[in-house]
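# Structural characterization, general
The chain contents come next:
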Amino acid sequence: CRSKCSNESEKSNLISAKLSEDDRFYERAVYNTLCVVKCKKSVLGSRMDRLVEGMINEDFDRRKPYDYLQLCYFKMDMFKKAADAAATVLAVQPEHEVMKSNLKYYLAEGPVNAEEVVNLELQEYGKEYILGNVAYNNEDYKATITHMEKSLSLFYEAYSACRHLCENPFDQGWFPDFISSLANHYTFTLRCKRRCTWQLSNLFGEIKDDFFYSYFNYLQYSYYQEGDTKAACEAVASALFINPVDEVQLRNKQFFIRDEGASEDYFVPRKDVVAFIEREDFEERLMEFIETNFLFLKDDEFEDDDDIDAKKTENELSSVSVGFNSSLLGEKIDTTHVMLETENTLNEEL
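The shown structure was predicted, so the numbers you read here are calculated from the model rather than taken from an experiment.

Before going further, it helps to spend a moment on the overall build of the protein. Helices and strands together make up the secondary structure of the protein, namely 16 helices and two strands. A buried classification covers 36% of the 350 residues belonging to the protein. Counting only contacts in the protein whose residues sit at least 6 apart along the sequence, the fraction spanning at least 24 positions is 67%. Entry remark: accessible area of the protein is about 22100 Å², with carbon and sulfur atoms responsible for 53%.

The following block contains the structure:
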């Protein structure tokens, strides 16, 4: 519903077409909201406003059902299914010691080959990526291009879906004025959206930091092997847009210019890559601004540097507490107790 309605509201004919950008934004928000309400009602009926308890969402995020399944399959001597279920848990909890031990046992005691164990929650973009990787290792560059291009397209879809799933209800826990409410809820969703790239970069139980970049590393070489110099150069340019100082791609660019007769205008990054990276960079910088400039002041009073450092250290030791110097914008808290730092204080912090 959110994806459908977001697209429809962007295409709406606006009453405010000749007015300010703010007017157009809020008018689209009204159309989007009406569309979402109607869509949810048509799909969910009387259950449209029911909220799932946080613990249930957390259990599914941590693949708790597969924890039960791996043990049940083991009790039924179904070692392959037990191993798959254990691997599915490890894909999101790679340090789960019990699950690692269980998987080793299933591989050692059951007729299961490690190469056949699969992550049962692997999304379609991940399946295509793995097929592309296999094709690349087999030097089948045509198949590599096919699978990697399809995986990339599916990755963008998964990224968009992940971001839409972040637009959840938010109990702010207080009664903010209009603009504070807007900023607070936006930051709440932004925190979630910032995790999407991180989540989608996990295929095998660990985060692959260069996952998005790796698409274009595979593609530049595969297109070169298939004789498509222009597409190879475009992939090199896309990789360099992601990491402008990457020495491998800088050397590749010089190779194509020197040995393949490529001109500078071949090296134009893909528009979807530019849009993706610009959004990621903007949101990272905005979150840094929020985290740096919004501080919670206990009892509406400043505390000296020693108190701040002590509390910061204390909170860093707890995985569930909010760090003292962390932004509370986007949290369930009255941000009338949040203060913008002065420029001088900010410089001292840095």
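In this structure, the second largest pocket occupies an estimated 1500 Å³ of space. In terms of lining, the second largest pocket is formed by 35 residues, of which the most central are S6, F25, N32, E167 and K193. At the level of elements, α1 (2–10), α2 (21–44), α8 (141–164), α9 (178–193) and α14 (271–293) are the ones that each hand at least two residues to the lining of the second largest pocket. For the lining of the second largest pocket, the element with the most residues is α2, which contributes nine residues. Split into classes, the residues belonging to the lining of the second largest pocket amount to 13 nonpolar, twelve polar and ten charged.

The next point concerns the side chain of T88. Along the chain, T88 turns up in helix α5 (residues 79–90). Within the structure, T88 has its side chain in polar contact with the backbone oxygen of D84 (distance 2.7 Å). Beyond its immediate stretch of four places on either side in the chain, T88 contacts R63, Y66, V118, N119, L120 and E121.

A few words now on unusual backbone geometry. Of note, the phi angle at R63 is positive, near 60 degrees, even though the residue is not glycine. By relative accessible area, which is 14% here, R63 ends up buried. The phi angle at E139 is positive, at roughly 60 degrees, despite the residue not being glycine. With respect to the helices, strands and loops of the structure, E139 is situated in the loop between α7 (124–137) and α8.

Attention now moves to the nonpolar core. If you look at the biggest cluster of nonpolar residues, it comprises 37 residues, and the most contacted ones within it are Y125, F155, F212, Y215 and F216. Y215 has contacts with Y125, Y129, M148, S151, L152 and F155, leaving out every residue within four places of it along the chain. Y66, A86, L90 and Y106 belong to the second largest nonpolar core, which has 14 residues in total.

Our focus in this paragraph is the packing of aromatic side chains. Taken as a whole, this structure holds 33 aromatic pairs when the rule is applied. Ring centres of Y129 and Y215 lie 5.4 Å apart, and the angle between their planes is 85 degrees; this geometry places the pair in the edge-to-face category. Residue Y129 is located in helix α7, and its partner Y215 is located in helix α11 (residues 211–225); the two are separated by 86 residues in the primary sequence. As far as burial versus exposure is concerned, Y129 and Y215 are alike and both buried. The ring of Y68 has K64 lying over it, and the distance from NZ or CZ to the ring centre is 5.7 Å. Above the face of the F267 ring, K253 is positioned so that its terminal group lies 5.3 Å from the ring centre.

On inspection of all chains with the given rule, the structure shows four disulfides. A disulfide bridge connects C162 with C196, and the sulfur atoms are separated by 2.1 Å. Around the S-S axis, the bridge from C162 to C196 shows a dihedral of about -90 degrees and counts as left-handed. Of the two residues, C162 sits in helix α8 while C196 sits in helix α10 (residues 196–200), which places them 34 residues apart along the sequence. Residue C166 pairs covalently with C192 via a disulfide, S to S 2.0 Å. Around the S-S axis, the bridge from C166 to C192 shows a dihedral of about -70 degrees and counts as left-handed. Placement of C166 in the loop between α8 and α9 and of C192 in helix α9 is noted, with a sequence separation of 26 residues between them. For C166, a relative accessible area of 1% corresponds to the buried category.

Attention shifts here to the environment of N119. If you trace the backbone, N119 turns up in the loop between α6 (97–109) and α7. Taking the relative accessible area as the measure of exposure, N119 reaches 16% and is therefore buried. Along the primary structure N119 and A85 are separated by 34 residues, whereas in three dimensions their C-alpha atoms are 7.4 Å apart. In contact with N119, not counting residues within four places along its chain, are R63, T88, A91 and L203. Separated by 2.9 Å, the side chain of N119 and the backbone nitrogen of E121 make a polar contact.

The next subject is the packing of α7 against α8. Packing of α7 against α8 leaves a shortest axis separation of 8 Å and a crossing angle of 160 degrees. Considering their axes alone, α7 and α8 lie roughly antiparallel with respect to each other. Judged by the sense of rotation from one axis to the other, the crossing of α7 with α8 is left-handed. Listed contacts from α8 to E124, Y125, E128, Y129, L131, G132, N133, A135 and Y136 of α7 are Y141, A143, T144, H147, M148, K150, S151, L154, F155 and A158. A class-by-class count of the residues in the contact of α7 with α8 yields eleven nonpolar, five polar and three charged.

Cut-offs applied
Residues numbered from 1 in each chain as written. Predicted model: local features only at pLDDT ≥ 70, side-chain atom pairs only at ≥ 80, totals over all residues. Heavy atoms only, no water. Helix = DSSP H or I, 4+ residues; strand = E, 2+ residues; numbered from the N terminus. Buried < 20%, exposed > 50% of the residue type's maximum accessible area, 1.4 Å probe, protein only. Contact = heavy atoms within 4.5 Å. Areas by Shrake-Rupley, 256 points an atom, 1.4 Å probe, with all protein chains shown as cover. 1 Å grid on protein atoms, 1.4 Å probe; cavity = no way out; pocket = protein on both sides within 12 Å on 5 of 7 lines; lining within 4 Å. Points joined across faces, edges and corners; volume = space filled by probe spheres on them. Nonpolar A, V, L, I, M, F, W, Y, C, P; charged D, E, K, R; others polar. Polar contact = N/O pair within 3.5 Å; in protein donor to acceptor, adjacent residues only side chain to side chain. Core = buried A, V, L, I, M, F, W, Y, C linked by side-chain atoms within 4.5 Å. Phe/Tyr/Trp six-rings, centres within 6.5 Å; stacked < 30°, edge-to-face > 60°. Lys NZ or Arg CZ within 6 Å of the ring centre and 35° of its normal. Disulfide = S-S within 2.5 Å. Axes fitted to C-alpha atoms, helices over the stretch in contact; angles between N-to-C directions. Parallel < 35°, antiparallel > 145°, perpendicular 65-115°, else oblique. Left-handed = near helix turned anticlockwise from the far one by under 90°.

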